[in-house]
Amino acid sequence: MNPMPAPSQTHLLDVNVLLAAIWGNHPQHAKAFAWLSGKSVLLCPLSELGFLRISTNQRVINAPMEKARKLLDQFAKDRKAERIADDLAALESHPEKSEKVTDHYLADLAAKHGARLGTFDTSIAHASVDVIL
Amino acid sequence: MTVVADHKKRVILRLAKPGDRFDVQVCSDGKFTLTRLEPVNPARLAKVRIEKRGQFHVGVLDHALNEEALKAALAEFP
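Keep in mind it's a predicted model, so treat the numbers as computed, not measured.

Q: Residues and numbers for the overall build of chain A, please.
A: Of regular secondary structure, chain A possesses five helices and five strands. Along chain A, helices (α) and strands (β) appear in the sequence β-α-α-β-α-α-β-α-β-β when read from the amino end. Along the longest, intermediate and shortest principal axes, the C-alpha atoms of chain A span 50 × 40 × 25 Å. Residue burial in chain A is summarised as follows: out of 133 residues, 37% are buried. Here the analysis covers contacts within chain A between residues at least 6 apart in sequence; of these, 57% occur between residues at least 24 apart.

Q: Which residues make up the interface of chain B and chain A, and what values go with them?
A: Residue-level contacts link 23 residues of chain B with 24 residues of chain A. Contributions of two or more residues to the side of chain B that touches chain A are made by strand 3 (48–53), strand 4 (56–61) and helix 1 (67–76) of chain B. With six residues, the single largest contributor to the side of chain B that touches chain A is strand 4 of chain B.

Q: Tell me about the packing of helix 1 (residues 15–22) of chain A against helix 2 (residues 29–36) of chain A, residues and numbers included.
A: All names here are of chain A. As a packed pair, helix 1 and helix 2 sit with axes 7 Å apart at the nearest point and diverge in direction by 100 degrees. Between helix 1 and helix 2, the angle falls in the class roughly perpendicular. Listed contacts from helix 2 to Val17, Ala20 and Ala21 of helix 1 are His29, Lys31, Ala32, Phe33 and Leu36. Among the residues making up the contact of helix 1 with helix 2, the classes are represented as six nonpolar, one polar and one charged.

Q: Any chance you could break down the sheet that holds strand 2 (residues 40–43) of chain A for me, citing the residues and the numbers?
A: All names here are of chain A. Here five strands make up an open sheet; going across it, the order is 3-2-1-4-5 and the pairing parallel. Single-partner strands in this sheet number two, and they are strand 3 (82–83) and strand 5 (129–131). The pairing of strand 1 (residues 10–13) with strand 2 spans three bridges and is parallel. The residue of strand 2 that forms the bridge with Thr10 is Ser40.

Conventions adopted
Residues numbered from 1 in each chain as written. Chains lettered and ligands numbered in written order. Predicted model: local features only at pLDDT ≥ 70, side-chain atom pairs only at ≥ 80, totals over all residues. Helix = DSSP H or I, 4+ residues; strand = E, 2+ residues; numbered from the N terminus. Buried ≥ 20, exposed ≤ 12 C-beta atoms within 10 Å, placed from the backbone. Contact = placed C-beta atoms within 7 Å. Axes fitted to C-alpha atoms, helices over the stretch in contact; angles between N-to-C directions. Parallel < 35°, antiparallel > 145°, perpendicular 65-115°, else oblique. Nonpolar A, V, L, I, M, F, W, Y, C, P; charged D, E, K, R; others polar. Pairing = 2+ DSSP bridges.

Geometric values such as these leave the question of function open.
Structure representation (structure tokens):
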């Protein structure tokens, strides 16, 4: 008897996954691309803004804003991503450290929407996180 | 130090580097005040090509991604 297939899981994407998935020259592009296969994707303003900010940062990628926006829009269309609001109050998230405030918020936001946070960050201690290894 | 203008009214500032920019103030008593300005660094925007890989679009940059800068930017966000 075949085991029941696992239900498909919906993932909110962390900024690091968005960057890796969208930029073909990113060192983790292939990994992100493979991981996304067959997954349902959520995007939220916080992670989208992070993508735009870092993609257009002079010291990092320095892409023209127009191109970064176009790629993000195309990614959302290609992946049939659902956009959710950052509709969790900041104080409903309980990070322990300064540097984990945003990561923890995104994981809590994913949980609120019945999803998990997909990330390359191995340092987020949260039950709703899937780390791409 | 003394500098002498040449026939094209140019003087040489030995301590200046090529490309340095100066604000020049000409005072009524004939004094010139040169103030070195912050360098202008017009970082060239990356050229981005949008390619299709299978059914998905990806952006391809004309330069390699600086992993250290990327890590630093992610650590700073937001």
